[in-house]
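# Reading the structure
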Amino acid sequence: MTEYDTPPAAGPAVQLAHHELVQLLDRRVFVPGSRLPGERALAARVGVSRNSLRQALATLESEGRVHSSAQRGWFVSTDVVSEPPSLLKSFTDIARERGLRPTARLLHRRVRPATYDESARLRVAPASEVLEISRVRGLDEVPVCVDTTVLIRSRAPGLESADLTDRSLFAVLEEVAGIRVMRSAYTAQAVAADPAVAELLRLPAGAPVLVGEEVTCDPQDVPVLLGRAVYRGDAYRFEATLHRTAD
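Residues numbered from 1 in each chain as written. Predicted model: local features only at pLDDT ≥ 70, side-chain atom pairs only at ≥ 80, totals over all residues. Heavy atoms only, no water.

## Overview of the overall build of the chain
Note the cut-off: Only runs of H or I of at least four residues qualify as helices and only runs of E of at least two qualify as strands under DSSP, and these elements are numbered from the N terminus. The buried label goes to any residue with under 20% of its type's maximum accessible area, the exposed label to any with over 50%, and the partly exposed label to all in between, with areas taken from a 1.4 Å probe on protein chains only. Between two residues, a contact is recorded if the distance between any of their heavy atoms is within 4.5 Å. For the area figures, the Shrake-Rupley method with a 1.4 Å probe applies, and any residue is considered shielded solely by the protein chains shown.
Helices and strands together make up the secondary structure of the chain, namely seven helices and 10 strands. Out of the 247 residues in the chain, the part that is buried amounts to 44%. A separation threshold of at least 6 residues defines the contact pool for the chain, and within that pool the share at least 24 residues apart is 58%. Approximately 13100 Å² of the chain is accessible, and the part contributed by carbon and sulfur atoms is 51%.

## Structural notes on the packing of helix α1 (residues 12–26) against helix α2 (residues 39–46)
Between two packed helices, both the angle of their axes relative to each other and the distance between the axes serve to describe the pair. Heads up, the rule is: Only C-alpha atoms enter the line fits that serve as axes; for helices the fit covers just the stretch in contact. Angles between N-to-C directions range over 0 to 180 degrees. Put simply, angles under 35 degrees are roughly parallel, angles over 145 are roughly antiparallel, angles from 65 to 115 are roughly perpendicular, and the rest are oblique. Gly is put with the polar residues, along with every residue not named as nonpolar or charged; the nonpolar set is Ala, Val, Leu, Ile, Met, Phe, Trp, Tyr, Cys and Pro, and the charged set is Asp, Glu, Lys and Arg.
Their axes nearest at 10 Å, the elements α1 and α2 cross at an angle of 95 degrees. Considered as vectors, α1 and α2 are oriented roughly perpendicular to each other. From α1, Leu16, Ala17, Glu20, Leu21 and Leu24 reach across to α2, where they touch Leu42, Arg45 and Val46. Taken together, the residues of the contact of α1 with α2 break down into six nonpolar, no polar and two charged.

## Remarks on the layout of surface pockets
Counted only if it meets this: With a 1 Å grid spanning the protein atoms alone, the term cavity applies to any set of points in which a 1.4 Å probe fits but cannot get out, the term pocket to an open set with protein on both sides within 12 Å along at least five of seven lines, and the term lining residue to any residue with an atom within 4 Å of a point. Grid points are joined across faces, edges and corners, and a volume is the space filled by probe spheres set on the points.
Within this model, the second largest pocket holds a volume of roughly 260 Å³. What lines the second largest pocket is a set of 13 residues, among which Asp93, Phe170, Glu174, Arg180 and Val181 lie closest to the centre. Per-class residue counts for the lining of the second largest pocket are five nonpolar, three polar and five charged.

## As for the pattern of salt bridges
Note the following rule: The rule for a salt bridge is simple: a side-chain nitrogen of Lys or Arg has to be within 4 Å of a carboxyl oxygen of Asp or Glu.
Enumeration according to the criterion identifies 13 salt bridges in this entry. Glu132 serves as the salt-bridge partner of Arg112, at 2.9 Å between the closest nitrogen and oxygen. Linking Arg112 in strand β4 (residues 102–113) with Glu132 in strand β5 (residues 129–139), this pair joins segments that are 20 residues apart in sequence. A cluster of three or more residues bridged by salt bridges with shared partners is formed by Arg110, Arg112, Glu118 and Glu132.

## Points about α1
Let me state the cut-off plainly: One less than the residue count of a helix, multiplied by 1.5 Å, gives the span that helix is expected to have.
With 15 residues, α1 should reach 21 Å at 1.5 Å per residue; the first-to-last C-alpha distance of 21 Å fits that figure. Among all positions in α1, only Val14, Gln15, Ala17, His18, Leu21, Val22, Leu24 and Leu25 are buried. Residues of α1 that are buried make contact with α2, α3 (50–62), β1 (66–69) and β2 (73–76). At the exit of α1 stands Arg28, carrying a positive phi of roughly 60 degrees.

## Remarks on the pairing of strand β6 (residues 142–152)
Going by this rule: Strand pairing is assigned whenever DSSP detects at least two bridges linking the two strands.
Burial analysis of β6 places 10 of its 11 residues in the buried class, the great majority of the element. Bridge count between β5 and β6: 10 bridges; the pairing is antiparallel. Residue pairing across strands places Leu131 opposite Leu151, the latter belonging to β6. Counting the residues that bridge the hairpin from β5 to β6 gives two residues, and of these Asp140 lies at a positive phi of roughly 50 degrees. Summarising the sheet, β6 and strand β9 (residues 223–232) pair through seven bridges and their orientation is antiparallel. Of the residues in β9, the one forming a bridge with Thr148 is Arg228.

Printed below as a string of structure tokens:
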């Protein structure tokens, strides 16, 4: 590898472009999730031709630093949230373990009757009161997830007024209600972002997103909350440990 960490076959101009772009990305001149300037302006900024710039961008794409979108240009890749295998951790804990700053912006908080499906999953009577909380979760100010949580209102009345800005809901739940979550039944599905979610996550409508749904329980295996998190497709990775049966 050369001093610019590009393949040996790359010419000096490509190496220079790669080096300069890496510096800009490392200094967060272009933040994760943002669109890079147009190729003409970016080539002028790093002092190379557009052809050399494109080769350098292709190398950065293979390294996972940037990605291209048809008709829309080049984008800085978003920091990835990765669920550790077989461990239940909050978004906040996962982000901090990776040296990132987790953020949370409240969209709405309301009390309403539970739907029939929610009542069955939470094991409460139909139309029981639940508290619905919806927030945009981010990493270093970049929105990566729209998170909606439904809880039994009577179990955590303190959540109706608690400050949830940039905080872990698991931590607040334990603080105001003494409830500790211990287990989560989780499913994930890839879908296309609807216009409302796409706007919140700074994506084009129809862009790929990953929807994670869970039922989370306390140490007595009693359901505590239902969660639905919609992640940017480039910002979330789910890991699992799988085992074959003995027979």
